[in-house]
Amino acid sequence: AESGFKGIMIGALAGGLAPGGPYVSLPIVAGLLKSGASVGTMVAFLTGWSLWAFNRLPMEIGILGWQFTLIRFAAILVFPPIAGLIAQLLFGNVKI
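A brief look at the structure comes next.

So, how was this worked out
- Residues numbered from 1 in each chain as written.
- Predicted model: local features only at pLDDT ≥ 70, side-chain atom pairs only at ≥ 80, totals over all residues.
- Heavy atoms only, no water.
- Helix = DSSP H or I, 4+ residues; strand = E, 2+ residues; numbered from the N terminus.
- Buried < 20%, exposed > 50% of the residue type's maximum accessible area, 1.4 Å probe, protein only.
- Polar contact = N/O pair within 3.5 Å; in protein donor to acceptor, adjacent residues only side chain to side chain.
- Phe/Tyr/Trp six-rings, centres within 6.5 Å; stacked < 30°, edge-to-face > 60°.
- Expected span 1.5 Å × (residues − 1).
- Arc of directions from axis to C-beta.
- Contact = heavy atoms within 4.5 Å.
- Salt bridge = Lys/Arg side-chain N within 4 Å of Asp/Glu carboxyl O.
- Axes fitted to C-alpha atoms, helices over the stretch in contact; angles between N-to-C directions.
- Parallel < 35°, antiparallel > 145°, perpendicular 65-115°, else oblique.
- Nonpolar A, V, L, I, M, F, W, Y, C, P; charged D, E, K, R; others polar.

On the secondary structure map, S38 appears in the loop between α2 (22-34) and α3 (39-51). Given a relative accessible area of 7%, S38 falls into the buried group. Within the structure, the side chain of S38 is placed 2.8 Å from the side chain of T41, a separation counted as a polar contact. In terms of polar contacts, S38 uses its side chain to reach the side chain of Q88, at 3.3 Å.

Written out as structure tokens, the structure is:
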């Protein structure tokens, strides 16, 4: 919880790299929250998992092309950290 913006960025990157669907990611987040991870970091994790999904990029490039994939990724690049910052600002003192 004391990691601040660095923790939010690590959470977003970890979420983007996390394989699997919600049956994998949601229990991970629940466990980390119970272990003391901040709300902002976990919101960044889930947002990165749903928006970035690096493991999905090869399939997306193959089906939609690299130009569209690059445009989509550039358009959503800032959202996971911003979502984490907003959650931390609004709900950082909420104990879960």
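Quick look at unusual backbone geometry now. For A53, which is not glycine, the phi torsion reads 40° and is therefore positive. Structurally, the position occupied by A53 is in the loop between α3 and α4 (57-64).

Quick look at the packing of aromatic side chains now. Here the structure, examined in full by the defined rule, presents 3 aromatic pairs. Geometrically, the ring pair formed by W52 and F54 is tilted, given 5.9 Å between the ring centres and 40° between the ring planes. Here W52 falls in the buried class, since its relative accessible area comes to 4%. Ring geometry for F54 versus F73: centroids 5.7 Å apart, planes at 50°, classification tilted. Residue F54 is found in the loop between α3 and α4, and its partner F73 is found in helix α5 (residues 66-76); the two are separated by 19 residues along the sequence. Judged by relative accessible area, which is 26%, F54 ranks as partly exposed. In this structure F73 comes out as buried when scored by relative accessible area, which is 18%.

Along its 13 residues, helix α6 (residues 79-91) runs 17 Å from first to last C-alpha, staying within 8% of the 18 Å computed at 1.5 Å per residue. All buried positions along α6 are accounted for by P80, P81, G84 and A87. Along the axis of α6, the buried residues cluster in a sector spanning 125°; they form a single face. Opposite the buried face of α6, by more than 90 degrees, sit the exposed residues L89 and L90. Where α6 is buried, its residues contact α1 (4-17), α3 and α5.

We now examine the pattern of salt bridges. Opposite charge on two side chains allows them to pair when their charged atoms are near. This structure, assessed with the given rule, holds 1 salt bridge. The salt bridge partner of R72 is E60, with a shortest N-O separation of 2.6 Å. Of this pair, R72 sits in helix α5 while E60 sits in helix α4, placing them 12 residues apart in sequence. Here the two residues R72 and E60 agree in accessibility, since each one is buried.

A few words on the packing of α4 against α5. Here α4 crosses α5 at 130°, and the two axes come no closer than 7 Å. When the axis of α4 is compared with that of α5, the two are oblique. In contact with L57, E60, I61 and L64 of α4, α5 contributes W66, F68, T69, R72 and F73. Classifying every residue of the contact of α4 with α5 gives 6 nonpolar, 1 polar and 2 charged.

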